[in-house]
Amino acid sequence: DKMANITKTRSHDENNDDDDQATSILPSSTKATNGMRKSLSHFYDLLTCPLCNKIFEQPTTLSSCGHSFCVKCIDEYCCDAWVCPVPGCGMPMSVVGGHKGSYRKVNPQLLQICTSFEKICKSLNQSPDAWWRPEYYDDENDNKHENDQEDATAVTMESNDV
């Protein structure tokens, strides 16, 4: 199976299992709340290449259907394939005239999202354990902590209005 070979090749090249990447990048229960971890896990799933099951590396989007993959994964896959590898899609890999004849286009926005996601996870992994709990803060920082909670509530309320 071509998709299995691509996954095996990337895993072998990087000496990482799929679960190892998710485990190493996502914060542990001492570094983030369960709600944060659940949201980050869902976000991780959205930023995962369907061919190698890892966070996109040099994300590339197919011109015909808009599905995204790592550039190496889709280039290897398309050597002898003619349709998008996402199950149920079936769109042709190439659209004549689209993107100057290329079947794919580098996706800089998705690259920025992946980079930002990795930075968020790295920052959380480097944070003190249970930083979100009130007992983490001393009396001098209590006011600052309360203001941070109010700011977070205001941002949440604003995003719900959108």
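Above this note sits the structure.
Throughout what follows, the structure given in this document is the object of discussion. Being a predicted model, the structure only gives us computed values, none of them experimental.

In this section: the pairing of strand β1 (residues 59-62). Because side chains alternate across β1, one face comprises the buried residues Pro-59 and Thr-61, and the other comprises Thr-60 and Leu-62, equally buried. Bridge count between β1 and strand β2 (residues 68-70): three bridges; the pairing is antiparallel. Counterpart to Thr-61 in the pairing with β2 is Ser-68. Two successive antiparallel strands, β1 and β2, enclose a turn made up of five residues, where Gly-66 displays a positive phi of approximately 90 degrees. Looking at chain direction, β1 and strand β3 (residues 104-106) are connected through three bridges and run antiparallel. Within β3, the residue paired with Thr-60 across the bridge is Val-106.

So, on to unusual backbone geometry. Residues other than glycine seldom take positive phi values, yet Asn-53 does so here, at roughly 60 degrees. Tracing the chain through its elements places Asn-53 in the loop between α3 (34-46) and β1. Even without being a glycine, Ala-130 presents a positive backbone phi close to 55 degrees. On the accessibility criterion, Ala-130 (16% relative accessible area) is buried.

Applying the stated rule across the entire model yields three aromatic pairs. Between Phe-43 and Phe-117 the ring centres are 5.3 Å apart and the planes differ by 80 degrees, which places this aromatic pair in the edge-to-face class. Taken as a pair, Phe-43 in helix α3 and Phe-117 in helix α5 (residues 108-126) lie far apart in primary sequence, 74 residues in all. Plain terms: the ring middles of Tyr-44 and Phe-117 are 6.4 Å apart, the flat faces sit at 45 degrees to each other, and that makes the pair tilted. With a gap of 73 residues between them, Tyr-44 in helix α3 and Phe-117 in helix α5 connect regions that are remote in the sequence. Among the residues examined, Tyr-44 registers a relative accessible area of 6% and is labelled buried. Grouped by ring-pair contacts, the aromatic residues Phe-43, Tyr-44 and Phe-117 constitute a single cluster.

This next bit is on the environment of Cys-84. Here Cys-84 lies in the loop between α4 (71-77) and β3. For the pair Cys-84 and Ser-64, spaced 20 residues apart in the sequence, the C-alpha separation amounts to 8.6 Å. The residues touching Cys-84, leaving out its near neighbours within four places in the chain, are Leu-62, Cys-65, His-67, Phe-69, Tyr-77, Cys-89, Gly-90, Met-91 and Met-93.

Below, the discussion takes up the packing of α3 against α5. At a closest axis distance of 11 Å, the pairing of α3 and α5 adopts a crossing angle of 150 degrees. Overall, the two elements α3 and α5 adopt an arrangement that is roughly antiparallel. The hand of the α3/α5 crossing is left-handed. Where α3 abuts α5, its residues Leu-40, Phe-43 and Tyr-44 lie against Ile-113, Phe-117, Ile-120, Cys-121 and Leu-124. Partitioning the contact of α3 with α5 into residue classes produces eight nonpolar, no polar and no charged.

Calculation rules
- Residues numbered from 1 in each chain as written.
- Predicted model: local features only at pLDDT ≥ 70, side-chain atom pairs only at ≥ 80, totals over all residues.
- Heavy atoms only, no water.
- Buried < 20%, exposed > 50% of the residue type's maximum accessible area, 1.4 Å probe, protein only.
- Helix = DSSP H or I, 4+ residues; strand = E, 2+ residues; numbered from the N terminus.
- Pairing = 2+ DSSP bridges.
- Phe/Tyr/Trp six-rings, centres within 6.5 Å; stacked < 30°, edge-to-face > 60°.
- Contact = heavy atoms within 4.5 Å.
- Axes fitted to C-alpha atoms, helices over the stretch in contact; angles between N-to-C directions.
- Parallel < 35°, antiparallel > 145°, perpendicular 65-115°, else oblique.
- Left-handed = near helix turned anticlockwise from the far one by under 90°.
- Nonpolar A, V, L, I, M, F, W, Y, C, P; charged D, E, K, R; others polar.

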